[in-house]
Amino acid sequence: MQTTTLIQESRLSPEIRESAAFGTVFSDHILIAEFANGIWHTGDIRPYGTLPLPPAPSSVHYGQAIFEGFKAFRLSDGRVALFRPHDNWLRMNRSATRLAMPAIPEDLFMNGIAELVRADREWIPERDGGALYIRPVSFAIDETLQVKPATRYRFVTITSPVGPYFAGTVKLIADERYVRAFPSGTGDIKAAGNYAGTLLAARDAQERGYDNVLWLDGVHKKYVEECGLMNIMFVVNGRVLTPALSSTILPGITRDSVIMLLRDEGVAVEERAISIDEVVAAARSGQLQEAVGVGTAATIVPIGRIRYRDQEIEIPSWTEGSVMRQTLRELESIRKGATPDRHGWLTFV
Ligand code: COI
């Protein structure tokens with residue numbers, strides 16, 4: 001990709017880089033490109049700063065906005081790698097197709113982001129579990145109130161030094177008043193609007209002493225789909241259960257990586273419908289060993305408690321031998337370069 005790179009004096013403070021709360025501090029540069037007259041125009045790497053917008057960008061009115069999230073890590077030998085960026089590119093373009101938006105060219109996404117991370121590599125935190133979180137977004141900028149696919153779009157990528165999204169375990173409540181996604185809707189893509197729809201439910205959960213919502217399916221209010229902003233997995237009698245992908249489940253790249261690592265270890269993974277009654281019954285009989293949320297931001301986070309109607313399910317804490325804890329360690333070890341990258345997940349920049 002031909003980019004123009006404008007270098008500015010760094011704003012980097014190592015102290016802030018190591019301690020900032022998730023997604024609150026941004027590195028020195030951004031990648032930006034615009035789509036007009038049917039093509040994407042050359043991307044630029046520019047200093048982080050305010051971007052002009054018309055007063056009526058159509059994405060604000062009608063929601064043509066999609067995003068991705070993935071991470072850059074520094075390996076123990078000092079090299080820098082992106083984790084499965086090509087899969088994020090593919091998913092971003094599935095999101096684009098679903099919202100009638102133009103696909104992002106592979107060169108712009110892959111090479112533009114590699115160049116951006118190279119420019120700001122000093123922003124990768126050194127703390128345990130630290131990474132440079134990469135956030136590409138694409139949104140419509142037509143000035144119109146007409147409801148139709150826009151003709152102009154902006155693609156922007158920002159990066160942010162982050163630590164783990166959660167400290168400790170998460171507590172969830174299955175709140176049947178809210179639905180995250182419905183069949184054939186947009187639940188399986190990263191549409192910005194999907195996240196807006198979860199905020200009130202999450203706030204209600206927090207007011208009741210939980211961290212977020214255990215999302216049940218919208219048709220039967222019976223099958224477990226996701227948790228908070230993550231995919232969900234259960235360990236029952238040594239087998240891992242996770243909802244099968246469908247139009248209401250985000251095909252998480254961390255979800256996919258975890259399943260591959262589990263299967264490498266010979267752990268049985270069942271991707272299928274899981275009813276909340278099955279989870280409650282497994283907990284009551286002592287067979288529910290672990291429950292975790294799985295996503296890019298959190299990687300793998302243990303779920304400590306689930307409330308469903310008048311039942312409170314306590315989930316055992318992680319021990320040294322916990323299946324998911326071991327899988328997290330394995331994933332972290334691949335990302336540090338301590339374990340061979342046998343699936344070819346790392347792209348060096
Ligand atoms: C993820 O962890 O996969 C996310 O998309 C979380 C992000 C919305 C903070």
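What counts and what doesn't
- Residues numbered from 1 in each chain as written.
- Predicted model: local features only at pLDDT ≥ 70, side-chain atom pairs only at ≥ 80, totals over all residues.
- Heavy atoms only, no water.
- Near = heavy atom within 4 Å.
- Polar contact = N/O pair within 3.5 Å; in protein donor to acceptor, adjacent residues only side chain to side chain.
- Areas by Shrake-Rupley, 256 points an atom, 1.4 Å probe, with all protein chains shown as cover.
- Nonpolar A, V, L, I, M, F, W, Y, C, P; charged D, E, K, R; others polar.
- Domains from an automatic or database assignment.
- Axes fitted to C-alpha atoms, helices over the stretch in contact; angles between N-to-C directions.
- Helix = DSSP H or I, 4+ residues; strand = E, 2+ residues; numbered from the N terminus.
- Parallel < 35°, antiparallel > 145°, perpendicular 65-115°, else oblique.
- Contact = heavy atoms within 4.5 Å.
- Patch = residues over 30% accessible without salt bridge, like charges linked within 9 Å, V, L, I, M, F, W, Y side chains within 5 Å.
- Salt bridge = Lys/Arg side-chain N within 4 Å of Asp/Glu carboxyl O.
- Buried < 20%, exposed > 50% of the residue type's maximum accessible area, 1.4 Å probe, protein only.
- Pairing = 2+ DSSP bridges.
- Expected span 1.5 Å × (residues − 1).
- Arc of directions from axis to C-beta.

### A short note on the site of the ligand
In the vicinity of the ligand, the contacting residues are Phe 22, Tyr 133, Arg 135, Tyr 165, Lys 190, Tyr 195, Gly 295, Thr 296 and Ala 297. Within the side chain of Lys 190, a nitrogen or oxygen atom sits 2.7 Å from an oxygen atom of the ligand. Between the ligand and the protein, one listed contact pairs an oxygen atom with a backbone N or O atom of Thr 296 at 3.1 Å. In the complex, the protein chains occlude 88% of the 280 Å² of accessible area that the ligand would expose alone. Taken together, the residues that form the shell around the ligand break down as 5 nonpolar, 2 polar and 2 charged. Shared between two domains, the shell around the ligand takes at least three residues from each, and those domains are domain 1 (3-163) and domain 2 (170-335).

### Quick notes on the packing of helix 7 (residues 253-264) against helix 9 (residues 323-336)
How two helices sit against one another is set out by the angle between their axes and by the gap between those axes. Contact geometry of helix 7 with helix 9 gives a least axis separation of 10 Å together with a crossing angle of 105°. Taken together, helix 7 and helix 9 sit at an angle that is classed as roughly perpendicular. On helix 9, the residues touching Thr 254, Ser 257, Val 258, Leu 261 and Leu 262 of helix 7 are Val 323, Met 324, Thr 327, Glu 330, Leu 331 and Ile 334. Looking at the contact of helix 7 with helix 9, its residues break down into 7 nonpolar, 3 polar and 1 charged.

### Describing a nonpolar patch on the surface
A cluster of nonpolar side chains, contributed by Tyr 62, Leu 145 and Val 147, occupies part of the molecular surface with about 340 Å² of accessible area. Here Val 147 is to be found in the loop between strand 8 (131-140) and strand 9 (153-162). Owing to a relative accessible area of 67%, Val 147 belongs among the exposed residues under this scheme.

### A word on the pairing of strand 18 (residues 311-314)
Note: strand 17 (residues 299-308) against strand 18, 4 bridges, orientation antiparallel. When the sheet's bridge partners are listed, Ile 306 is paired in strand 18 with Ile 313. In sequence, strand 17 turns back onto strand 18 through a hairpin of 2 residues, with Arg 309 there showing a positive phi of about 50°.

### Notes on the side chain of Ser 58
Of note, Ser 58 is situated in helix 2 (residues 58-62). Setting aside its immediate chain neighbours within four residues, Ser 58 contacts Gly 63, Ala 140, Ile 141, Asp 142, Thr 144 and Ala 150.

### Focus on the pairing of strand 9
Walk down a regular strand and you will see the side chains alternate between the two sheet faces. Buried residues dominate strand 9, accounting for 9 of its 10 residues. One ladder, built from 5 bridges, connects strand 2 (residues 29-36) with strand 9; its direction is antiparallel. By the bridge assignment for strand 9, Ala 33 is matched with Phe 155. For strand 8 and strand 9, the ladder comprises 10 bridges, and the chain directions are antiparallel. Bridge pairing links Ala 131 to Val 162 in strand 9.

### Some words on helix 9
Taking 1.5 Å of rise per residue, the 14 residues of helix 9 would be expected to cover 20 Å, and the 20 Å separating its terminal C-alpha atoms lies within 8% of that figure. Three or more residues of helix 9 are buried, namely Met 324, Thr 327, Leu 328, Leu 331, Ser 333, Ile 334 and Arg 335. Positive phi appears at Gly 337, one or two residues downstream of helix 9, with a value of about 85°.

### A short note on helix 8 (residues 276-284)
Along helix 8, the positions that sit buried rather than exposed are Ile 276, Val 279, Val 280, Ala 282 and Ala 283. For helix 8, the angular spread of buried residues about the axis comes to 160°, placing them on one side. The inward-facing, buried residues of helix 8 abut strand 11 (212-216), strand 12 (224-227), strand 13 (231-236), strand 16 (288-295), strand 17 and strand 18. Immediately downstream of helix 8, the backbone of Gly 286 shows phi near 80°, a positive value.

### Looking at the domain arrangement of the protein
With domains assigned, the protein is organised as domain 1 (3-163) and domain 2 (170-335). For domain 1 versus domain 2, the separation of C-alpha centres amounts to 27 Å. Taken together, the 20 residues of domain 1 in the interface contact 20 residues of domain 2. Inspection of the region where domain 1 meets domain 2 yields 1 salt bridge. Between Arg 84 and Asp 256 there is a salt bridge, with its nearest N and O atoms 2.9 Å apart. There are 10 residue pairs in polar contact (both at pLDDT 80 or more) connecting domain 1 and domain 2. For the side of domain 1 that touches domain 2, the elements supplying multiple residues, two or more each, are strand 5 (65-67), strand 6 (70-74) and helix 3 (85-98). By residue number, the principal contributor to the side of domain 1 that touches domain 2 is helix 3, which donates 6 residues. For the side of domain 1 that touches domain 2, a count of residues per class yields 10 nonpolar, 3 polar and 7 charged.

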